[in-house]
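Letter by letter, the chains look like this.
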Amino acid sequence: MSLELHLAGKTAIVTGGSAGIGLAVAKALYSEGVNVAIAARNQERLENAVSAIQSLPTPGAKVIAISADLTQAASVDTVVSTTLAQFGQIDILINNAGSARAGSFLDLNDDVFLDAWNLKLLGYIRLVRAVVPHQKNRRDGRIVNIIGGAG
Ligand SMILES: NC(=O)c1ccc[n+]([C@@H]2O[C@H](COP(=O)([O-])OP(=O)(O)OC[C@H]3O[C@@H](n4cnc5c(N)ncnc54)[C@H](OP(=O)(O)O)[C@@H]3O)[C@@H](O)[C@H]2O)c1
């Protein structure tokens, strides 16, 4: 049985969309007809992901790759402005990039906690802050924040 999700024509940002869960989410959205912007750091992995996504059947969606280190505030702006320039709207934000390094609480040093803070907390907050005004203007939108047990 298939469901009609009424997603065709919408636009999604999927952070960490070049691998793992993010790539799987990007593929699923594209297959539903959603225009997808995937963001991650490694350009080659992004290009491979775009090829893999484009090989799927879709009712008319497009996919773009945006190279961005989402620990950096300027990169968040780049992801949002590039997506708006390409697709004109942001209906869905999937905050997914990266993983907090796992380990024993007593063994993890300050750098590990700061890295996790910059990507998994502040990085997510910055993207939500940048996307919500567009969604409020359109009176529609969805945001999914994905974290793991290390959070
Ligand atoms: N896999 C699991 O078992 C599991 C379990 C529970 C929760 N989760 C959560 O699910 C999410 C995805 O996990 P995953 O296992 O799919 O991860 P993954 O396979 O390691 O993929 C991580 C993705 O994030 C990107 N990324 C990493 N650091 C980044 C940065 N600073 N800026 C921009 N992009 C960055 C990576 O590309 P680049 O390296 O090229 O930037 C890649 O596209 C995470 O939130 C994780 O905590 C995963």
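The structure contained in this document is the topic of the report that follows. (Residues numbered from 1 in each chain as written. Predicted model: local features only at pLDDT ≥ 70, side-chain atom pairs only at ≥ 80, totals over all residues. Heavy atoms only, no water.)

We now examine the overall build of the chain. Within the chain, the regular secondary structure consists of 4 helices and 5 strands. Along the chain, helices (α) and strands (β) appear in the sequence β-α-β-α-β-α-β-α-β when read from the amino end. A compact globule built from 151 residues should have a C-alpha radius of gyration of about 15 Å, and the chain, at 16 Å, falls within 12% of that. Dimensions of the chain along its principal axes, counting C-alpha atoms only, are 50 × 30 × 30 Å. Across the 151 residues of the chain, 38% fall into the buried class. Restricting the contact set of the chain to residue pairs at least 6 apart, pairs at least 24 apart contribute 67%. With the model as given, the accessible surface of the chain reaches about 8,600 Å², and the carbon-plus-sulfur share is 53%. (Helix = DSSP H or I, 4+ residues; strand = E, 2+ residues; numbered from the N terminus. Rg over C-alpha atoms; globule rule 2.2 N^0.38 Å. Buried < 20%, exposed > 50% of the residue type's maximum accessible area, 1.4 Å probe, protein only. Contact = heavy atoms within 4.5 Å. Areas by Shrake-Rupley, 256 points an atom, 1.4 Å probe, with all protein chains shown as cover.)

Helix packing geometry: the angle between the two helix axes and the distance between the axes. Direction vectors running N to C along helix α1 (residues 20-31) and helix α2 (residues 43-54) enclose 35°, while the axes themselves pass 10 Å from each other. For the crossing formed where α1 meets α2, the hand is right-handed. Where α1 approaches α2, its residues Leu23, Ala26, Lys27 and Tyr30 are matched on the opposing element by Ala49, Ala52, Ile53 and Gln54. (Axes fitted to C-alpha atoms, helices over the stretch in contact; angles between N-to-C directions. Left-handed = near helix turned anticlockwise from the far one by under 90°.)

This part is about the sheet that holds strand β1 (residues 11-15). Reading across the sheet, the 5 strands line up as β3-β2-β1-β4-β5 and stay open at both edges, with parallel pairing between neighbours. Among the strands making up the open sheet, the edge pair consists of β3 (63-67) and β5 (142-145). Pairwise comparison of adjacent strand axes, ignoring direction, gives a mean angle of 15° for this sheet. For strand β4 (residues 92-95) and β5, the ladder comprises 4 bridges, and the chain directions are parallel. (Pairing = 2+ DSSP bridges.)

Taking every second residue as pointing to the same face, both faces of β4 are buried, with Ile92 and Ile94 on one and Leu93 and Asn95 on the other. Here β1 pairs with β4 via 3 bridges, running parallel. Along β4, the bridge assignment pairs isoleucine 13 with leucine 93. At this point the chain moves from β4, through helix α4 (residues 110-138), to the parallel β5, and the crossover so formed is right-handed. (Right-handed = clockwise from strand over helix to strand, strands pointing away.)

So, on to the site of the ligand. Around the ligand lies a shell of 23 residues, among which Ser18, Ile21, Arg41, Asn42 and Lys120 are the nearest. Note that a nitrogen atom of the ligand is positioned 2.9 Å from one of the side-chain N or O atoms of aspartate 69. Contact between the ligand and isoleucine 146: an oxygen atom at 3.0 Å from a main-chain N or O atom of the residue. The protein chains hide 72% of the 890 Å² of surface that the ligand would expose on its own. In the shell around the ligand, the residues fall into 10 nonpolar, 9 polar and 4 charged. (Near = heavy atom within 4 Å. Polar contact = N/O pair within 3.5 Å; in protein donor to acceptor, adjacent residues only side chain to side chain. Nonpolar A, V, L, I, M, F, W, Y, C, P; charged D, E, K, R; others polar.)

This part is about unusual backbone geometry. Positive phi, close to 55°, is recorded for histidine 6, a residue that is not glycine. Along the chain, histidine 6 falls in the segment before β1. For histidine 6, a relative accessible area of 60% corresponds to the exposed category. A positive phi angle, close to 55°, is found at arginine 139, a residue other than glycine. With respect to the secondary-structure elements, arginine 139 resides in the loop between α4 and β5.

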